[in-house]
Amino acid sequence: MLADLRSAIRSLLESPQFTIVALVVLALGIGANAAIFSVVNAVLLRPLPFRDPDALVLLSTQRFREAGVTLPFSFPEYFDVRDQSGSFDESGAWAFGRGNVSAGEPEQVLFAVTTANIFSILGITPEVGPGFTPSDDRPGARRVAIVSHGLWQRRFGADRSAVGRPLTLDGRTYEIVGVLPPSFRFLSIQQDTEVWLPIGSDPFVDRRYARGLRSAILRSPTASFGLASRSDSQASQD
């Protein structure tokens, strides 16, 4: 084996161009395999970092006469499912947006407007503060927000007295009622969600009536995690 190894090394040294090509091909192959495994491990093998991950179902709507074209739920559609379906113990919905936090140096963050029960569905308890209450979903409720652990550290120096203090997002002031654990990660796209607002604090007050802004998650004791589609032949012809 040692003789074969020495012979292989001599051959590679005598053909530097071939050696470089071979090393590049090997590096690309190893890198691609590592990247694919990372995705498969995160999406398929590793359980979701939520309570009872096997009982979580992500639902979407489907455009009429367009097979395979899926859309998230709007809040009005979510309310329909919540009120009329008996298949789920609890249900929650959210919608993402981007805004500027201003308290000192302005910073653009990803925020989510959500039903107040979303964290209880996922089994997440704020590290600091009481969090949302059911009344925070009502129209005209107090303006409140939960912030990520990272934002809490950056903007408030990890001071526990930040709960109860104001947070300004796009010129609107919200009272901080909770700080999420550092390990919490949601279904964000390119960056972590930094600010969470209940429906009653939504800066777009008509979102609860708009059927074009969509997303929902539903929890069932018997369902498997995955994508469940709903064919809406009347309301989703847009």
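Worth saying up front: this structure is predicted, and the values here are computed from it rather than measured. (Residues numbered from 1 in each chain as written. Predicted model: local features only at pLDDT ≥ 70, side-chain atom pairs only at ≥ 80, totals over all residues. Heavy atoms only, no water.)

Re the overall build of the protein
Then, in step 1: For the protein, the count of helices and strands is five helices and ten strands.
Then, in step 2: For the protein, the proportion of its 238 residues judged to be buried stands at 39%.
Then, in step 3: Contacts in the protein between residues far apart in sequence, at least 24 positions, make up 72% of those at least 6 positions apart.
Then, in step 4: Accessible surface, the protein as shown: approximately 13,600 Å² in total, 56% of it carbon and sulfur. (Helix = DSSP H or I, 4+ residues; strand = E, 2+ residues; numbered from the N terminus. Buried < 20%, exposed > 50% of the residue type's maximum accessible area, 1.4 Å probe, protein only. Contact = heavy atoms within 4.5 Å. Areas by Shrake-Rupley, 256 points an atom, 1.4 Å probe, with all protein chains shown as cover.)

What to know about the pairing of strand β4 (residues 107-114)
Then, in step 1: Counted residue by residue, β4 has seven buried out of eight residues, so it is predominantly covered.
Then, in step 2: Pairing analysis gives eight bridges linking strand β3 (residues 90-101) to β4, with the strands arranged antiparallel. Paired with G99 across the strands is V109, a residue of β4.
Then, in step 3: Pairing analysis gives five bridges linking β4 to strand β8 (residues 193-198), with the strands arranged parallel. Bridged to T114 within β8 is P198. (Pairing = 2+ DSSP bridges.)

Focus: unusual backbone geometry
With glycine set apart, most residues show a phi of negative sign, and most peptide bonds adopt trans.
Then, in step 1: Here A158, not a glycine, exhibits a phi torsion of approximately 60°, which is positive.
Then, in step 2: Locating A158 in the fold gives a position in the loop between α5 (149-156) and β6 (166-169).

Description of the packing of aromatic side chains
Then, in step 1: In total, this model carries ten aromatic pairs according to the counting rule given.
Then, in step 2: Between F186 and W196 the ring centres are 5.0 Å apart and the planes differ by 75°, which places this aromatic pair in the edge-to-face class. You can see F186 sitting in the loop between β7 (172-179) and β8 and its partner W196 sitting in strand β8, a full ten residues away along the chain. Comparing F186 with W196, the two get one shared label, buried.
Then, in step 3: An aromatic cluster of at least three residues, connected via ring pairs, comprises W94, F96, F119, F132, F184, F186 and W196. (Phe/Tyr/Trp six-rings, centres within 6.5 Å; stacked < 30°, edge-to-face > 60°.)

Remarks on the side chain of D136
Then, in step 1: Counting through the fold element by element, D136 comes out in the loop between α4 (118-122) and β5 (144-147).
Then, in step 2: You can call D136 buried: its relative accessible area is 0%.
Then, in step 3: Among residues more than four places away in sequence, those in contact with D136 are A141, R142, V144, P198, I199, G200 and S201.

Notes on the pairing of β8
Then, in step 1: Counting buried positions along β8 yields six of six residues, so the element is predominantly enclosed.
Then, in step 2: As paired strands, β5 and β8 are joined by two bridges and run antiparallel to one another. Bridging across to β8, V147 finds its partner in V195.

Points about the confidence of the model for the protein
Then, in step 1: Mean pLDDT over the protein stands at 80; residues scoring 70 or higher make up 80%.
Then, in step 2: Note on residues 219-238: pLDDT is under 50 here. Beyond four places in sequence and across chains, it has 55 contacts. (pLDDT = per-residue confidence, 0-100.)

Regarding the pattern of salt bridges
Then, in step 1: The final tally for this structure, using the stated rule, is eight salt bridges.
Then, in step 2: A salt bridge links R154 to E194, with the shortest nitrogen-to-oxygen separation between them at 3.2 Å. Taken as a pair, R154 in helix α5 and E194 in strand β8 lie far apart in primary sequence, 40 residues in all.
Then, in step 3: A relative accessible area of 43% places R154 in the partly exposed class.
Then, in step 4: Among the ionic pairs, R207 bridges to D202, the shortest N-O distance being 2.4 Å.
Then, in step 5: The structure contains a network of salt bridges with shared partners spanning E107, R154, R155 and E194. (Salt bridge = Lys/Arg side-chain N within 4 Å of Asp/Glu carboxyl O.)

What about a nonpolar patch on the surface?
Then, in step 1: A grouping of L2, L5, I9 and L13 is seen on the molecular surface, where their side chains present a nonpolar patch of about 440 Å² in accessible area.
Then, in step 2: With respect to the secondary-structure elements, L13 resides in helix α1 (residues 2-14).
Then, in step 3: Since its relative accessible area comes to 67%, L13 is described here as exposed. (Patch = residues over 30% accessible without salt bridge, like charges linked within 9 Å, V, L, I, M, F, W, Y side chains within 5 Å.)

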